Amino acid sequence: MTDLTELTETVGSFSVYLALLGLYLTRRRIPDLTSIPQDPLVTAALMGGAERIVQAAIAKLARSDAFLLSGPQGRQIAITGPFPVIGTAVEQAVYDQWAAQPSIQVIELLKTCQGLRAVQDIVRSQPELPTELRIHPLWLIPLRLSTLPNLGLLGYRLHRHFAADEALPSHRTFLLNVMLILFNLDLSRPKNPRRELLKRLQATYPDKGAQLESKPPAEWARAVAIHGPYALSGTALADYVIQFGYFP
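**Student:** Can you help me understand the pattern of salt bridges in this one?
**Tutor:** Two side chains of opposite charge can pair, provided their charged atoms sit close to one another. Counting across every chain of the model gives six salt bridges. Among the ionic pairs, Glu219 bridges to Arg222, the shortest N-O distance being 3.3 Å. Remark: Arg222 and Glu219 occur in helix α9 (residues 217–227); sequence separation between them is three residues, near one turn of the helix. Taking relative accessible area as the criterion, Glu219 reaches 25% and is therefore assigned partly exposed. Each member of the salt-bridge network shares a partner with another, and the members are Arg117, Asp121 and Arg124.

Structure (structure tokens):
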């Protein structure tokens, strides 16, 4: 019995280590935060493509007092100041696009600017995130094969404990079986790399809403890039949320 227990635990331990390695190699395909440039528009490209880039750029221009909502029901953008000295090429392109169509509504400006070369250059320069990440099936074979023997052995040992007063299985056996079950459940589900990256970004840059009031314009753009237009809710730019086409 002892030899069988040790053999099963050894196989189970090896399976867990192999599954961990496979999981690590798979998740390495998700960009690390240190590899993402600090430019909030680059983050916007990763999180929401061209639309999110333009939303972030408009939010930054509005916070820099270059843009202001105006017109009927506040649907249009009015130029209220010069182009910011530290503005980017995308923001300059958006600013110039308004100058070419000064009566354009916000939602129309948003759609028109998505095709601008400066916007598309950022989109094309970013790595394309796969829609899902799955651990390679080969990594799961030993994990699957070792789970049933371990669970069967654990159940038999517990039966013998209560029926014949034999010693309980070791803590290591219990822990190993719990790990095998959890890894089987976790590794069976595909991972969404965009969601995984978003979680990391939101944990690193949690500011949104009223928390942005004391932040510079670039951080407002970053908040929109990471949290979406609803990051502006509860701020002086809250009206932009609905003008971007996002309805509660």
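**Student:** Would you take a moment to explain the layout of surface pockets for this structure?
**Tutor:** Think of a ball as big as a water molecule: rolled over the atoms, this probe shows where empty space is left. The computed volume of the largest pocket comes to approximately 160 Å³. Around the largest pocket, the lining residues are Ala62, Arg63, Asp65, Phe67, Leu68, Leu69, Ala236, Leu237, Asp239 and Tyr240. Listed by contribution, the elements that provide at least two residues to the lining of the largest pocket are α2 (40–63), β1 (67–70) and α10 (239–243). Considering every element that reaches the lining of the largest pocket, the biggest residue donor is β1, with three residues. Looking at side-chain class alone, the lining of the largest pocket contains seven nonpolar, no polar and three charged residues.

**Student:** Help me out: how do you make sense of helix α7 (residues 171–187) in this one?
**Tutor:** An α-helical turn contains 3.6 residues, so any two residues separated by three or four positions project in the same direction. An ideal rise of 1.5 Å per residue puts 24 Å on 17 residues; α7 measures up with 24 Å between its terminal C-alpha atoms. For α7, the full list of buried residues reads Thr173, Leu176, Asn177, Leu180, Phe183, Asn184 and Leu187. Along the axis of α7, the buried positions cluster into a sector of 130°, meaning they face one direction only. α7 presents His171, Leu175, Leu182 and Leu185 as exposed residues on the side facing more than 90 degrees away from its buried surface.

**Student:** Sorry if this is basic, but what is going on with the packing of aromatic side chains here?
**Tutor:** For any pair of aromatic rings, the description consists of the separation of the ring centres together with the inter-plane angle of the planes. A full pass over the atoms with the stated rule returns three aromatic pairs. Look at Phe67 and Tyr95: their rings are 5.9 Å apart centre to centre, the planes differ by 0°, and that puts the pair in the stacked class. Of this pair, Phe67 sits in strand β1 while Tyr95 sits in helix α3 (residues 89–100), and the two are 28 residues apart along the sequence. Among the residues examined, Phe67 registers a relative accessible area of 2% and is labelled buried. Judged by centre distance (6.1 Å) and plane angle (45°), the rings of Tyr240 and Phe244 are tilted. For the pair Tyr240 and Phe244, a shared accessibility class is recorded, and that class is buried. Members of the aromatic cluster, each reached through a chain of ring pairs, are Phe67, Phe83 and Tyr95. Above the plane of the ring of Tyr205 lies Arg222, whose end atom (NZ or CZ) is 4.8 Å from the centre.

Reading the values: rules and limits
Residues numbered from 1 in each chain as written. Predicted model: local features only at pLDDT ≥ 70, side-chain atom pairs only at ≥ 80, totals over all residues. Heavy atoms only, no water. Salt bridge = Lys/Arg side-chain N within 4 Å of Asp/Glu carboxyl O. Helix = DSSP H or I, 4+ residues; strand = E, 2+ residues; numbered from the N terminus. Buried < 20%, exposed > 50% of the residue type's maximum accessible area, 1.4 Å probe, protein only. 1 Å grid on protein atoms, 1.4 Å probe; cavity = no way out; pocket = protein on both sides within 12 Å on 5 of 7 lines; lining within 4 Å. Points joined across faces, edges and corners; volume = space filled by probe spheres on them. Nonpolar A, V, L, I, M, F, W, Y, C, P; charged D, E, K, R; others polar. Expected span 1.5 Å × (residues − 1). Arc of directions from axis to C-beta. Phe/Tyr/Trp six-rings, centres within 6.5 Å; stacked < 30°, edge-to-face > 60°. Lys NZ or Arg CZ within 6 Å of the ring centre and 35° of its normal.

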